[in-house]
Amino acid sequence: MPGKVPGMRQALQGRARMTEVKQSRGRAGLFFQLTKRHLLVFFKNKIRVFYTLMVPVIIFIVYIFFLRSLELSTVVSVLESADIFTDMRTDELNLIINTLVDSWMLAGITALSTYTVSIQTNTIIVCDKENGVNRDFIASPVSSSVLIASYFLFNFIVTFLICFVFVIICLIYLACLGEFMLTFVSFLEIVGVLALTTIVATLFTTFISSFIKHEATLTGLVAIFSTAVGFLMGAYLPFSQLPKWVQDVCMFIPGPYSCAIFRHAFMYVPMDNLYTYALATFDNANELMSSMMSSFGYNLEFFNIEVGTGWQAFAIVAYSAILLVLNVFSGRKLVTVLGSMGKKGRERRKSRRAKRAAARAAAPSVITAAAPSVITDAAPAAEATAPADNAAGQVAAGPADKVPLDSLGPGPEGPGENGQDSKDPDT
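Reading the values: rules and limits
- Residues numbered from 1 in each chain as written.
- Predicted model: local features only at pLDDT ≥ 70, side-chain atom pairs only at ≥ 80, totals over all residues.
- Heavy atoms only, no water.
- Helix = DSSP H or I, 4+ residues; strand = E, 2+ residues; numbered from the N terminus.
- Contact = heavy atoms within 4.5 Å.
- Salt bridge = Lys/Arg side-chain N within 4 Å of Asp/Glu carboxyl O.
- Buried < 20%, exposed > 50% of the residue type's maximum accessible area, 1.4 Å probe, protein only.
- Patch = residues over 30% accessible without salt bridge, like charges linked within 9 Å, V, L, I, M, F, W, Y side chains within 5 Å.
- Areas by Shrake-Rupley, 256 points an atom, 1.4 Å probe, with all protein chains shown as cover.
- 1 Å grid on protein atoms, 1.4 Å probe; cavity = no way out; pocket = protein on both sides within 12 Å on 5 of 7 lines; lining within 4 Å.
- Points joined across faces, edges and corners; volume = space filled by probe spheres on them.
- Nonpolar A, V, L, I, M, F, W, Y, C, P; charged D, E, K, R; others polar.
- Phe/Tyr/Trp six-rings, centres within 6.5 Å; stacked < 30°, edge-to-face > 60°.

### Some thoughts on the side chain of Ser 209
Along the chain, Ser 209 falls in helix α7 (residues 184–209). Aside from chain neighbours lying at most four places away, what touches Ser 209 is Ile 119, Asn 122, Val 126, Lys 129 and Leu 218.

### Regarding the pattern of salt bridges
In the structure shown here, the tally under the stated rule is five salt bridges. A salt bridge links Arg 68 to Glu 179; the nearest nitrogen and oxygen atoms lie 3.3 Å apart. Placement of Arg 68 in helix α2 (residues 46–81) and of Glu 179 in the loop between α6 (144–176) and α7 is noted, with a sequence separation of 111 residues between them. Among the residues examined, Arg 68 registers a relative accessible area of 18% and is labelled buried. According to the relative accessible area criterion, Glu 179 is buried, its value standing at 3%. Measuring nitrogen to oxygen at the nearest pair gives 3.9 Å for the salt bridge that ties Lys 244 to Glu 301. One end of the pair, Lys 244, is in helix α9 (residues 244–250); the other, Glu 301, is in strand β1 (residues 300–301), and 57 residues separate them in sequence. Overall, Lys 244 belongs to the partly exposed group, its relative accessible area being 35%. Overall, the relative accessible area of 39% leaves Glu 301 in the partly exposed class. Members of the salt-bridge network, linked through shared partners, are Arg 68, Asp 102 and Glu 179.

### Remarks on a nonpolar patch on the surface
A surface patch of nonpolar side chains, about 520 Å² in accessible area, is lined by Ile 58, Ile 61, Val 62, Phe 65 and Phe 66. Within the secondary structure, Phe 65 sits in helix α2. We classify Phe 65 as exposed; its relative accessible area is 63%.

### Some thoughts on empty space enclosed by the protein
Summed over the entire model, instances satisfying the criterion amount to two cavities of 30 Å³ or more. Looking at the second largest cavity, its volume works out to about 40 Å³. For the second largest cavity, the full set of lining residues is Thr 99, Ser 103, Leu 174, Glu 179, Phe 180, Met 181, Leu 182, Phe 266 and Pro 270. In the lining of the second largest cavity, the residues fall into six nonpolar, two polar and one charged.

### Thoughts on the packing of aromatic side chains
Aromatic rings considered in pairs are described by the distance between their centres and by the relative angle of their planes. All told, the structure shown has 18 aromatic pairs when counted by the stated rule. Arranged with centres 5.5 Å apart and planes meeting at 70°, the rings of Phe 252 and Phe 302 form a pair that is edge-to-face. Residue Phe 252 is located in the loop between α9 and α10 (255–281), and its partner Phe 302 is located in the loop between β1 and β2 (306–307); the two are separated by 50 residues in the primary sequence. A relative accessible area of 49% places Phe 252 in the partly exposed class. When its relative accessible area of 27% is taken as the criterion, Phe 302 is described as partly exposed. When the centroid spacing of 6.4 Å and the interplanar angle of 40° are considered together, the rings of Phe 262 and Phe 266 count as tilted.

### Focus on the layout of surface pockets
By volume, the largest pocket amounts to about 200 Å³. Together, Arg 48, Tyr 51, Thr 52, Gln 120, Thr 123, Glu 215, Thr 219, Val 222 and Ala 223 line the largest pocket. In terms of residue count, the dominant contributor to the lining of the largest pocket is helix α8 (residues 215–232) (four residues).

The analysis is restricted to geometry; functional conclusions fall outside its scope.
Written out as structure tokens, the structure is:
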């Protein structure tokens, strides 16, 4: 018997491990099923997908028709002031400048798109809260942590796919103009930066959206957010052109770092070509490149401390970790919202209350209107039946009048005068 105890313990431990494995597989299955459900709901609405993709495309079109010439003239004026824009090799320099300016703007729009697309994707989360869909999830054996994680993965997938499609559009545009200078390594760097920026954008926008309960509120926030964040992160204009105090404040949000690291990925090859050209035609090429990189937002300054590309990537990772912790605490608030009455439930409850109030208000009027008619109809009937009752009483009482009352004995207690019960005084 003592030899069998270790074997029984091992068997029980094995069963416990198998149970844990099955539970983990069940949670993983629910996680992917919920993510699939969110994706189907989002992509089923073709209008929503179209408008989500059109946000960066519209900014791209505005840049092509209105802002491109302005940016080109700005760069040309900087080069002319440095006496580098000479008549020698003008075609090559023009191509480098056009590629540099287009890559700078497209990188800013791509970085901005990760935030605007992500916050628009959160309409699924807010609609589920407003319509009471999450109440069904909570009623089912679905963990709240699994549900919240599925929302994160759903947001990341949608944002990454839409922004990746926009990156392909940008590369096609550069190829059509003959400005495609990216190498395969640069393309992989762009994809990696896109994934890293999408993570921090998803965590940032989901944290904001966790406090929103109505779709109308989120729609207004998207309009304000999309306009403000483009300037605050330096997507529309060089970050160095903002006031100094605005730059210092904006360095505490992940947007400028995302925009700067995207520009490093897009502009590395054009910058290298410009540096090669400047070395061949200009003595102070290093000073020129330093001023160009600062003016274009290639490098950032955090309280007069230069932040290079490596520190920019580190800042994005650090912000992702901070936002992840904040989302853990805001997820608790999201769970409390999930169990509340949804929009449809509130409407049904209001309709039931209105019906009960109308029924209570109508009941006294119905009784008051019916009472006079009942009394009026009952009076003639009572008068008509009174003579018949008297006649029947006289006929029935004829022989009984000769019987003495004392011989009948005490009878059962019955109603006394005025319809009241006769009772013994002692009782």
